[in-house]
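# Notes for the structure review
Here are the chains, one letter per residue:
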Amino acid sequence: GADVENLKNLLYKKTKLEDTFGVNMLAVADGKPETMGIVPIIRHHVNFQYELATRKYQTLLAKERDKKEIQEGLIKATDVIDLIIEILRGSKTQKQVKECLIMGVTDGIRFKSKSSERMAAQLCFTERQATAILEMRLQKLIGLEVEALLKDHEATVAKITKYEDILNHYDSMSEVIMED
């Protein structure tokens, strides 16, 4: 037993079997350089990953919410497309059409009937929705296109739910960080 211990000590002293060296672990934490041990470095790294993921999913969520707003406007527009066409044909300017779509302003627009004018006065699309409606091509009114729009809307709502879950629950955030 003692011979084995002596041999081990001799190997450690005379060879590179065991070597000791100092490490200066400098990291940038909260915007300033700091010397840290391994545990604080890991902790800062994990926090940084959470911060990155939070920003990423906040951006994705904002994009999906914008997309949802436009999709809902187009879906609503397909239900009242005849009225929208009547507004377009009876208006003199694009500004007039937008004001009608957004705030229900019917001044200066020629309508076929009083009931059309009353319905137009009740419209309340958002600015983005009104712009999307004005940019919409007529081919988007084909049945399959409307179905595709409804499916896209479902997918958008599902993504919003997923991103909100990730942003609101630590466990969900941890899962996506580990997946990434």
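Right above here is the structure, for reference.
Every value quoted in this text rests on a predicted model; they were computed, and no experiment measured them.

Before going further, it helps to spend a moment on a positive patch on the surface. On the surface, a cluster of positive charge is contributed by R89, K92, R110 and K112. With respect to the helices and strands, the residue R89 is situated in helix α3 (residues 81-90).

With that settled, the discussion passes to the nonpolar core. Formed by 20 residues in total, the largest nonpolar core has its most connected members in I84, I87, L101, F125 and I133. Broken down by element, the residue count for this core peaks at four residues, all from α3. Residues Y50, L61, I166 and M173 belong to the second largest nonpolar core, which totals 10 residues.

For the rest of this paragraph, the subject is the side chain of Q129. Note on placement: Q129 falls in helix α6 (residues 127-135). Other than its neighbours up to four places away in sequence, Q129 contacts E69, I70, E72 and G73.

By the definition in use, this model includes two aromatic pairs. Geometrically, the ring pair formed by Y50 and Y170 is stacked, given 4.9 Å between the ring centres and 10 degrees between the ring planes. Of this pair, Y50 sits in helix α2 (residues 38-79) while Y170 sits in helix α8 (residues 170-179); the two residues are 120 residues apart in sequence, bridging distant segments of the chain. Look at Y50 and you get buried, because its relative accessible area is 15%. For the cation-ring pair, K76 lies above F125, with the distance from its terminal atom to the ring centre recorded as 4.3 Å.

Between helix α7 (residues 143-168) and α8, the least distance of the axes is 5 Å, while the angle of their chain directions is 105 degrees. Comparing their axes, α8 and α7 come out roughly perpendicular. Packed against α7, whose contacting residues are D165, I166, L167 and N168, the element α8 presents Y170, S172, M173 and V176 at the interface. Each residue belonging to the contact of α7 with α8 can be placed in one class, and the counts come to five nonpolar, two polar and one charged.

Another point: a negative patch on the surface. Taken together, D165, D171, E175 and E179 make up a surface patch of like negative charges. The biggest single contributor to the negative patch is α8, with three residues. Note on placement: D171 falls in helix α8.

Together, I38, V39, I42 and V46 give the surface a local cluster of nonpolar side chains, amounting to about 340 Å² of exposed area. Here V39 lies in helix α2. Using a relative accessible area of 49% as the deciding quantity, one classes V39 as partly exposed.

The next point concerns the state of the cysteines. Under the criterion given, the structure shown has zero disulfides. Of the cysteine sulfurs around C100, a residue in no disulfide, the closest is that of C124, at 11 Å.

Attention now moves to the packing of α2 against α6. Taken N-terminus to C-terminus, the directions of α2 and α6 make an angle of 55 degrees; their axes are 9 Å apart at the nearest point. When the interaxial angle is binned, α2 and α6 end up oblique. Pair α2 / α6 crosses with right-handed handedness. Each of D66, E69, I70, E72, G73, L74 and A77 in α2 lies in contact with α6, whose residues at this interface are R128, Q129, A132 and I133. Grouping the constituent residues of the contact of α2 with α6 by class yields five nonpolar, two polar and four charged.

Right, let's talk about the environment of R118 for a bit. Note that R118 resides in helix α5 (residues 114-121). Take R118: its relative accessible area is 53%, and that puts it in the exposed class.

The rules behind the values
- Residues numbered from 1 in each chain as written.
- Predicted model: local features only at pLDDT ≥ 70, side-chain atom pairs only at ≥ 80, totals over all residues.
- Heavy atoms only, no water.
- Patch = residues over 30% accessible without salt bridge, like charges linked within 9 Å, V, L, I, M, F, W, Y side chains within 5 Å.
- Areas by Shrake-Rupley, 256 points an atom, 1.4 Å probe, with all protein chains shown as cover.
- Salt bridge = Lys/Arg side-chain N within 4 Å of Asp/Glu carboxyl O.
- Lys, Arg positive; Asp, Glu negative; His and termini not counted.
- Charge placed at Lys NZ, Arg CZ, Asp CG, Glu CD.
- Helix = DSSP H or I, 4+ residues; strand = E, 2+ residues; numbered from the N terminus.
- Core = buried A, V, L, I, M, F, W, Y, C linked by side-chain atoms within 4.5 Å.
- Buried < 20%, exposed > 50% of the residue type's maximum accessible area, 1.4 Å probe, protein only.
- Contact = heavy atoms within 4.5 Å.
- Phe/Tyr/Trp six-rings, centres within 6.5 Å; stacked < 30°, edge-to-face > 60°.
- Lys NZ or Arg CZ within 6 Å of the ring centre and 35° of its normal.
- Axes fitted to C-alpha atoms, helices over the stretch in contact; angles between N-to-C directions.
- Parallel < 35°, antiparallel > 145°, perpendicular 65-115°, else oblique.
- Nonpolar A, V, L, I, M, F, W, Y, C, P; charged D, E, K, R; others polar.
- Disulfide = S-S within 2.5 Å.
- Left-handed = near helix turned anticlockwise from the far one by under 90°.

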